[in-house]
Structure formats: structure tokens, C-alpha cells
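Residue-level structural notes
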Amino acid sequence: MEHWWLLLPLSRPQLLALWLWPPSAGFLQVEMAGETQTVLLNHNATIICKVQGYHHLDITIMGITWFWKHRVSATEVKLFEFFGDHQMTVRPGASVSPWRLKRGDASLQLPGVQLWEAGEYRCEVVITPHKAVGTVRLEVVAYPVSSLFPEQAMVKENEEQLISCMASGFYPTNITVTWKKWTPKNPQYVEFSEGVFTNCTTKNEDGMFNVTSFLMLKPSLEDNMTIYQCVVWHESLPTSQRLNFSLTMIESEKSPCTLKYVFLCAGIIFVIVLILSIFWKQVLRQTNALFSIMKAYSRNTQIDTRETEEL
């Protein structure tokens, strides 16, 4: 008989009963919490196993054994065992409450569950002379810690602005990061993908994952007071995480460098105009003098012609 050595502390009549009526299936059933249970990393887990049809049990004539099998291994490991007055705990902190067990609750308590403890758990209950077995898969998940940088910004028109949304420390790897925006003209968040780039998921040394999504903006004045939203969804979350970025547009200011060049150009133009003006005045003076000389010469020529005709 399996585990016979664990029955030594029992009394002779109890031991005789177990030997005469070996455990059998069909008369005893246990109820598990469905096919899969999920627990958060570092949280306490209660793996459900309840004996059906029993409201009061004599725990001195019954036994409970919990086994664990890793999801990538076929080898089963015994975590906890209770037979009569004998109790053996392999996994530190694993326990079954004797008070609850008397009421038919053989659930296993596991404090501070880690990622590697995911897998198949098997509950084996023996109530002389019957035995019942139930299995359940335990999934260990870690929710992402998300952050948005920056959360708000004052941006000049046509000036590029990069927004990053980072989700870190999550498990398993599947995660969805999307972007939405809200505008005063359309007071509903609308999903978009323009200017969005999400990098590949990276794995940490502790087995958990990180991912970052980037949004590149080059807004105009019409985008003033727009709210951009990073939406992170992961199976460990009851609802999506939503992080908002507020955008405030400001008019472009003339930089000191631009003003310097404007004044420099204005000074150069003024000097050029001044030089041209002086040069033009000199040309006009010379032209007037030339006209005066030509006029005088023409007058003298006419006088000489008249005198010649008179002679």
C-alpha cells in the first residue's frame, strides 16, 4: 500500500481499516477551482481543493497529499502531506488548515508565490476507505509598472516632441500598448497609430519583461490642449492602465540670433542706400554742370554764327 510508513502513528483499528478497505475512486469527489488558477507574483495563493458532501470530517482517519509538476517537466514533486498526526512540508510555508480541513476544505496555502512555481498541482484526499484526486494549473503573473514621460509639455508650432510610454516588470510576455487622443473638437478618445513606434519586448534577469512605445509629435496650433493617452493591457490587470499626456501649444518666438541678423541686414541696407544716395547726388551735380557747359557752348556758337553772317 502506498505511503504505508506514514500510517504508523495511527491506532491499530484505524490501521486495520485502511488495510482492509483500500482507497477507491467513485465514492469520494473533490472540487477544484476550474482548470486554471491565477496568482500575482509574490502574493499568497490558495489552491482550492474541497471535499464534496462532507461538512464534518474526522481528520485523524484521513490523509491529504499535494503534488506539484512543473509545466516543462514530467516529474512530480510532493509539496505537502498530512496523515493523522503526521505532517510533512517540503515547500517552505505550504500548509493546509486543520480547522478548515474538518469542514472538508483541503485547500493548499502557498505564501509568496514565485514565477517558477507555476505548473500543475494535484490534490489527493483519502477518507477511509475512499480516495479522490483533483488537478489544477496554477499560472503566476506579474502586472506591468507603467510610466509616461513627459506627462505634459509646452511645445512650439512645428517643433518635434517625443513621448515615451514604458511598461516594465510584467509576466508573461504578451502585452498590448496603444495610443489614443482627445481633442476639444472631438471629446472622445480615438485610437491612432501615426507616429507610433513600439520596440521589441526585452527580458530581465529575473524572468520578467519590459517594453517601450514611442510617440513622435510635430503639432500645429490646432493641436493645442490635445490629450494623448497611452493604454497598456496585460492579462494580469483587471482593467487597462491609462496614462495621459497634456499638450499645450505656444507661438514661436524670434530667437536673439534671428533678431541679430535682422538688425545686421537692416544696417547693411541702410549703408548701401546712403552710399547710393550720395553717389546719385554727385552724378546729378556733374550732369547739371555738363548741361550748363553745353548750353553755354551752344549759345556762344550761335553768336559767332550771327557775327559771321553780318560780315
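Predicted, not measured: the structure shown is a model, and the values here were computed from it. (Residues numbered from 1 in each chain as written. Predicted model: local features only at pLDDT ≥ 70, side-chain atom pairs only at ≥ 80, totals over all residues. Heavy atoms only, no water.)

**Looking at the overall build of the chain**
Tallying secondary structure elements over the chain gives three helices and 20 strands in all. Here the chain holds 311 residues, and 34% of them are scored as buried. Per element, the accessible surface of the chain, about 20000 Å² overall, is 58% carbon and sulfur. (Helix = DSSP H or I, 4+ residues; strand = E, 2+ residues; numbered from the N terminus. Buried < 20%, exposed > 50% of the residue type's maximum accessible area, 1.4 Å probe, protein only. Areas by Shrake-Rupley, 256 points an atom, 1.4 Å probe, with all protein chains shown as cover.)

**Here we look at the sheet that holds strand β19 (residues 227-233)**
One open sheet holds the five strands; their spatial order is β12-β20-β19-β14-β15, and the pairing between them is mixed. On the outer flanks of this sheet lie β12 (152-156) and β15 (190-192), each paired with one strand and no other. When the angles between neighbouring strand axes are averaged without regard to direction, this sheet yields 30°. (Pairing = 2+ DSSP bridges. Axes fitted to C-alpha atoms, helices over the stretch in contact; angles between N-to-C directions.)

**A few points about the sheet that holds strand β10 (residues 130-141)**
Pairing is mixed in the open sheet, where six strands are placed in the order β2-β10-β9-β5-β6-β7. Strand pairing shows two members of the sheet lacking a second neighbour, β2 (36-40) and β7 (86-89), which therefore form its edges. If you compare each strand with its neighbour and ignore which way they point, the axes differ by 25° on average. By the bridge criterion, four bridges tie strand β6 (residues 76-83) to β7 in an arrangement that is antiparallel. Along β7, the bridge assignment pairs E81 with M88.

**Side note on unusual backbone geometry**
That bond from F149 to P150 is cis: its omega, -15°, falls within 30 degrees of zero. Tracing the backbone shows P150 in the loop between β11 (145-149) and β12. Positive phi values are uncommon outside glycine, yet M225 reaches one of about 70°. Examined against the element boundaries, M225 turns out to sit in the loop between β18 (209-217) and β19. Using a relative accessible area of 45% as the deciding quantity, one classes M225 as partly exposed.

**Description of the side chain of E81**
In this fold, E81 is placed in strand β6. Accessibility expressed as a relative area gives 0% for E81, which makes it buried. Separated by 3.1 Å, the side chains of E81 and K78 make a polar contact. (Polar contact = N/O pair within 3.5 Å; in protein donor to acceptor, adjacent residues only side chain to side chain.)

**Describing the environment of I47**
The topology assignment puts I47 in strand β3 (residues 45-47). The exposure class of I47 is buried, given its relative accessible area of 0%.

**Structural notes on the confidence of the model for the chain**
Per-chain confidence: the chain averages 82 in pLDDT, with 77% of residues scoring 70 or above. Under a pLDDT of 50 for its full length, residues 1-25 has, in the predicted model, 32 contacts with residues more than four places off or in other chains. (pLDDT = per-residue confidence, 0-100. Contact = heavy atoms within 4.5 Å.)

**Concerning the pattern of salt bridges**
Throughout the structure, instances matching the rule amount to five salt bridges. Between R122 and E76 there is a salt bridge, and its shortest N-O distance comes to 2.9 Å. Residue R122 is found in strand β9 (residues 119-127), and its partner E76 is found in strand β6; the two are separated by 46 residues along the sequence. Owing to a relative accessible area of 34%, E76 belongs among the partly exposed residues under this scheme. (Salt bridge = Lys/Arg side-chain N within 4 Å of Asp/Glu carboxyl O.)

**Digging into the side chain of Q229**
Within the fold, Q229 resides in strand β19. Engagement of the side chain of Q229 in a polar contact is seen with the side chain of N244, the distance being 3.0 Å. When sequence neighbours within four positions are dropped, the list of residues in contact with Q229 reads T178, W179, K180, Y189, R242, L243 and N244.

**Digging into the state of the cysteines**
Counted by the stated rule, this structure contains two disulfides. Shown here is the disulfide that connects C49 with C123, its sulfur atoms set 2.1 Å apart. Disulfide C49-C123: the torsion about the S-S bond is -75°, which places it as left-handed. With a gap of 74 residues between them, C49 in strand β4 (residues 49-51) and C123 in strand β9 connect regions that are remote in the sequence. On the accessibility criterion, C123 (0% relative accessible area) is buried. A sulfur-sulfur distance of 2.0 Å marks the disulfide that ties C165 to C230. Of note, the bridge from C165 to C230 carries an S-S torsion of about -80° and is left-handed in sense. Here C230 lies in strand β19 and C165 lies in strand β13 (residues 161-170), a separation of 65 residues in the sequence. (Disulfide = S-S within 2.5 Å.)

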